[in-house]
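For reference, the chains in residue letters:
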Amino acid sequence: MTGYTMLRNGGVGNGGQTCMLRWSNRIRLTWLSFTLFVILVFFPLIAHYYLTTLDEADEAGKRIFGPRAGNELCEVKHVLDLCRIRESVSEELLQLEAKRQELNSEIAKLNLKIEACKKSIENAKQDLLQLKNVISQTEHSYKELMAQNQPKLSLPIRLLPEKDDAGLPPPKVIRGCRLHNCFDYSRCPLTSGFPVYVYDSDQFALGSYLDPLVKQAFQATARANVYVTENADIACLYVILVGEMQEPVVLRPAELEKQLYSLPHWRRDGHNHVIINLSRKSDTQNLLYNVSTGRAMVAQSTFYAVQYRPGFDLVVSPLVHAMSEPNFMEIPPQVPVKRKYLFTFQGEKIESLRSSLQEARSFEEEMEGDPPADYDDRIIATLKAVQDSKLDQVLVEFTCKNQPKPSLPTEWALCGEREDRLELLKLSTFALIITPGDPHLVISSGCATRLFEALEVGAVPVVLGEQVQLPYQDMLQWNEAALVVPKPRVTEVHFLLRSLSDSDLLAMRRQGRFLWETYFSTADSIFNTVLAMIRTRIQIPAAPIREEAAAEIPHRSGKAAGTDPNMADNGDLDLGPVETEPPYASPKYLRNFTLTVTDFYRSWNSAPGPFHLFPHTPFDPVLPSEAKFLGSGTGFRPIGGGAGGSGKEFQAALGGNVPREQFTVVMLTYEREEVLMNSLERLNGLPYLNKVVVVWNSPKLPSEDLLWPDIGVPIMVVRTEKNSLNNRFLPWNEIETEAILSIDDDAHLRHDEIMFGFRVWREARDRIVGFPGRYHAWDIPHQSWLYNSNYSCELSMVLTGAAFFHKYYAYLYSYVMPQAIRDMVDEYINCEDIAMNFLVSHITRKPPIKVTSRWTFRCPGCPQALSHDDSHFHERHKCINFFVKVYGYMPLLYTQFRVDSVLFKTRLPHDKTKCFKFI
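Residues numbered from 1 in each chain as written. Predicted model: local features only at pLDDT ≥ 70, side-chain atom pairs only at ≥ 80, totals over all residues. Heavy atoms only, no water.

## Looking at the overall build of the protein
Scanning the protein for helices and strands turns up 23 helices and 28 strands. Out of the 919 residues belonging to the protein, those deemed buried represent 47%. Considering only contacts in the protein between residues 6 or more positions apart, those separated by 24 or more positions represent 80%. Surface exposure of the protein reaches about 48,000 Å², of which carbon and sulfur atoms provide 57%. (Helix = DSSP H or I, 4+ residues; strand = E, 2+ residues; numbered from the N terminus. Buried < 20%, exposed > 50% of the residue type's maximum accessible area, 1.4 Å probe, protein only. Contact = heavy atoms within 4.5 Å. Areas by Shrake-Rupley, 256 points an atom, 1.4 Å probe, with all protein chains shown as cover.)

## Some details on the nonpolar core
In globular proteins that are soluble, nonpolar side chains generally tend to be buried together. Of all hydrophobic cores here, the largest spans 135 residues; its most connected members are F194, V239, I276 and F883. Setting aside anything within four residues of it in sequence, one finds I276 in contact with F218, V239, I240, L241, V242, G243, A299, F527 and V530. Counting residues in hydrophobic clusters, the runner-up holds 39 residues, among them L676, M677, I743 and V851. (Core = buried A, V, L, I, M, F, W, Y, C linked by side-chain atoms within 4.5 Å.)

## Here we look at the state of the cysteines
All chains considered together, the criterion is met by four disulfides. Linked covalently through their sulfurs, C188 and C236 form a disulfide whose S-S length is 1.6 Å. Because the sign of the S-S torsion sets the handedness, a value of about 100° for the bond joining C188 and C236 places this disulfide among the right-handed ones. Highlighted residues: C188 in the loop between α4 (179-182) and β1 (196-198) and C236 in the loop between α5 (212-224) and β2 (237-243), separated in sequence by 48 residues. For the pair C188 and C236, one class covers both residues: buried. (Disulfide = S-S within 2.5 Å.)

## Quick word on the confidence of the model for the protein
Looking at the protein as a whole, its pLDDT mean stands at 80, while 75% of the residues score no less than 70. The low-confidence segment residues 353-373, where pLDDT is below 50, has 25 contacts with residues more than four positions distant or belonging to other chains. (pLDDT = per-residue confidence, 0-100.)

## Describing helix α21 (residues 819-828)
Regarding α21, the residues found buried are A820, I821, R822, M824 and V825. Elements that come into contact with the buried residues of α21 comprise α20 (807-816), α22 (832-844) and α23 (871-887). Downstream of α21 by a residue or two, I829 has a phi angle that is positive, lying close to 50°.

## Topic: the sheet that holds strand β20 (residues 715-719)
Spatially, β15-β20-β18-β17-β21-β26-β22-β27-β28 is the arrangement adopted by the nine strands of the open sheet, whose pairing is mixed. A strand with exactly one partner marks an edge of an open sheet, and here the two such strands are β15 (551-552) and β28 (898-899). Strand direction decides the pairing type here: strand β22 (residues 769-770) and strand β26 (residues 802-806), joined by two bridges, are antiparallel. Each bridged residue has a counterpart across the sheet, and for V769 the counterpart in β26 is F804. Where helix α19 (residues 751-763) meets the sheet, it contacts β17 (663-669), β21 (739-744), β22, β26, β27 (849-851) and β28, and its direction lies at approximately 30° from that of β26. (Pairing = 2+ DSSP bridges. Axes fitted to C-alpha atoms, helices over the stretch in contact; angles between N-to-C directions.)

## Quick word on the environment of V394
Turning to its location among the elements, V394 is positioned in the loop between α8 (376-389) and β9 (395-397). Along the primary structure V394 and T429 are separated by 35 residues, whereas in three dimensions their C-alpha atoms are 9.7 Å apart. Once residues within four sequence positions are removed from consideration, V394 is found in contact with Y341, L342, F343, V386 and Q387.

## Quick look at the packing of aromatic side chains
Considering all chains together, one arrives at 31 aromatic pairs under this definition. Between the aromatic rings of F663 and F804, the centroid separation amounts to 5.4 Å while the plane-to-plane angle is 80°, which identifies the pairing as edge-to-face. Taken together, the residues F663 in strand β17 and F804 in strand β26 connect sequence positions 141 residues apart. Members of the aromatic cluster, each reached through a chain of ring pairs, are Y472, W478, F514, Y519 and F520. A cation over a ring is seen here: R510 above Y889, with NZ or CZ 5.4 Å from the ring centre. The ring of Y787 has R876 sitting right over it, with the charged end atom 4.3 Å from the ring centre. (Phe/Tyr/Trp six-rings, centres within 6.5 Å; stacked < 30°, edge-to-face > 60°. Lys NZ or Arg CZ within 6 Å of the ring centre and 35° of its normal.)

## Let's talk about empty space enclosed by the protein
Enumeration according to the criterion identifies six cavities of 30 Å³ or more in this entry. Taken as a whole, the largest cavity spans an internal volume of roughly 150 Å³. Taken together, T344, F345, Q346, L414, R421, L424, L425, A431, L432, I433, R450 and E453 make up the full set of residues lining the largest cavity. Looking at the lining of the largest cavity, the elements with two or more residues in it are β7 (341-346), α9 (418-425), β11 (428-434) and α10 (445-457). The computed volume of the second largest cavity comes to approximately 50 Å³. (1 Å grid on protein atoms, 1.4 Å probe; cavity = no way out; pocket = protein on both sides within 12 Å on 5 of 7 lines; lining within 4 Å. Points joined across faces, edges and corners; volume = space filled by probe spheres on them.)

## Regarding the side chain of T221
Examined against the element boundaries, T221 turns out to sit in helix α5. According to the relative accessible area criterion, T221 is buried, its value standing at 5%. Discounting residues that sit within four places of it in the chain, T221 has contacts with A523, D524 and F527.

## Notes on the side chain of D184
Note that D184 resides in the loop between α4 and β1. Of note is the side chain of D184, whose polar atom sits 2.5 Å from the side chain of S186. (Polar contact = N/O pair within 3.5 Å; in protein donor to acceptor, adjacent residues only side chain to side chain.)

## Brief notes about the pattern of salt bridges
Taken as a whole, this structure holds 33 salt bridges when the rule is applied. Of the charged contacts, one joins D502 and K338 as a salt bridge, the two residues approaching to 3.3 Å between their closest N and O atoms. Residue D502 is found in helix α12 (residues 502-520), and its partner K338 is found in the loop between β6 (314-315) and β7; the two are separated by 164 residues along the sequence. Between R762 and E661 there is a salt bridge; the shortest N-O distance is 2.5 Å. Linking R762 in helix α19 with E661 in the loop between α17 (624-627) and β17, this pair joins segments that are 101 residues apart in sequence. Since its relative accessible area comes to 3%, E661 is described here as buried. (Salt bridge = Lys/Arg side-chain N within 4 Å of Asp/Glu carboxyl O.)

## Observations concerning the pairing of β17
Among the seven residues that make up β17, seven are buried, leaving the element largely enclosed by the rest of the structure. On β17, burial covers both faces: F663, V665, M667 and T669 on one face and T664, V666 and L668 on the other are all buried. Across seven bridges, the pairing between β17 and strand β18 (residues 689-696) is parallel. Across the sheet, residue M667 finds its bridge partner in β18, namely V694. At this point the chain moves from β17, through helix α18 (residues 673-681), to the parallel β18, and the crossover so formed is right-handed. Strand direction decides the pairing type here: β17 and β21, joined by six bridges, are parallel. Paired with T664 across the two strands is I740, which belongs to β21. (Right-handed = clockwise from strand over helix to strand, strands pointing away.)

So, in structure tokens, the structure goes:
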């Protein structure tokens, strides 16, 4: 209480001293803090100001803190240490940089060694893969040889009969002649080559009676035939021409028979002889009716049943055209399918077997006795009723406006001149052919002439009378080109014709055009058909077709071929092993002596592919219909099991049904040596390349100092007789593979593109497989066809400047295709690629196959080719329209199908040996 009072009253005591002490301590701390603040804040400011003032002095000697020149700064004592430290650090940094660069160089060297090791490993893997493939191919070849176990046999020695050999005894009835009892097979062994001896008509009295035009045409075609020989002693067959006769005919049957028996090689009975009568006149069409021909075959267009020997004699077409080739410009097109008249018939019957009163017999009477032999009155009434009904526009005339042509009894005579008949048939969808009323008349010249004219202008023949023997009926399937209807069904003919679709009509018209061109059109086709019929009957294979002999131009090689980086850049694609063994040819055709036995009907009726008339090619064209049975047939393959179906090995092996195969490059060139050399160098290292055939189309030979590149395969330079684009497709004997890669000398194709095209062609061997696609189009204003090279979603042609095709088509192009097309190519120096596309589409009825999406393959900077000319496209328009006239229709087919290398470049894991499952 006392202390509290004293403090409160400001009294002095122990409490007052304590308060004063606290207050003094608080003041000291405040001043101390203020003093420190002043020192820390103002002193640096003053020092900075003072130093700045000294540096701004005018006299340089008074500078203490400013920059000094040279090493003056180092003279300052307290900075010398810093300079030494800096120099030391700099030296150390330089040493470290040198060490770093040395280490980097060592790292780069090690990386190079690593890359080299990787490359050597890859090369070793490739070498190992090649060795494995070679071993696999060798094992496969060994297994094939062991499986065949059939050594090749040499041809047997031919034993010829005696010159005066009488042969077999004649049959009791001459009408009973067949091959087994009237033909001497000993003169025609399988390996004989079917030699044919043709009598020279001018050396015999018979020749003076022959028509000069027919005789000249027959002799010309005989001289050009591959089977004809001048050595009669080795001949298998002997041919003599007895008609067409000149007018008036004064040769009696007995005199004709005497002249036949006086032939030097007749040998008493005429065995192995063929007597050809090409007459179409009524008085000479059956010139041999009362002539004893012994055991000789007879080939003519008129036969009675008593003289016709089935399987021995031949029904042929009368010779209407003696020229070498038809005038295709006069042949009407095959489209439109429907024409003005549904059917037409013009004819007049001079003599009938029975009058119309005999048709009044009852049905029972007809069944009890012989059936009526003449249905002509029924046919006339039925056809007139169809014409009067006006359901369809038809034209039937049973009385000729002018004098009818002479004819045999019961035969419908031809009316008017040939030109008038053809004009009417050009307006007819169907052409009626009424067979003779006499059942004993097997075939007549008038009936054969109607058939010839109908096929010529594209009118589908409708033959009334199933008893008739059409030309070459035992070889040809006439139901594919004509309708053969029994006469009692005449009332159903109208319905039958109306029921045919447009596609069936076009197919029959196209087949009829093929038959006409191949077997009937000229003297050459008739003579070839007669020989082919006999050769096929006695089962002798066709002679090898003529190959074009290659006249090689000597050239120097040895220049090391470089590698174009653009050609070598294949991305992720493995082209497969480069062949380490020498080039090998495709297997030769080994079915020469069995084709006529196993494929008898197919070979004769494969239209429009004339496999039968012409000599066989060295290669066997395998069509898809034949190749589809080469697989396992089950359609199922388990994953990871069985042989084939491998995904990993797809890129490293060629695959396909033909495991070992190569192709030949055919390159056409004309005075562009530098471009040619560059193109050849780009082929260096191309797998599966057999050889390169350079078709030198220039009359000027290559430069003597020209050094040709060494690309690892032979380069054959072939000299041509003339500058023709048709030389591209000549079947050169140096081409030993089935696959041909036709390529221009300025085309740029990478190796992977070529290999992919080759793989695709192996799966479609009957088609053109290539790269540049084109199409045809219909020009509505001008009513004509156009050639178009614009980008499009569909195509109908693949240019042969970069395309694969089978060598078989080279034979057809050079020897079978109409000469008028090749002449057009020579005239324009253009359109050979269009002609090849027309030919293949006409044969196969399939469009070509385009691979990859590229549209052009010309090399940049190359000299301009013919295709850059302004007239190039105009000429190609003309070519297409002319080819359509020759073929009679547009054979090209559109397609939107294109093959791209999608799976071909797919990289598969190494542990996936099977990647597909087929169900």
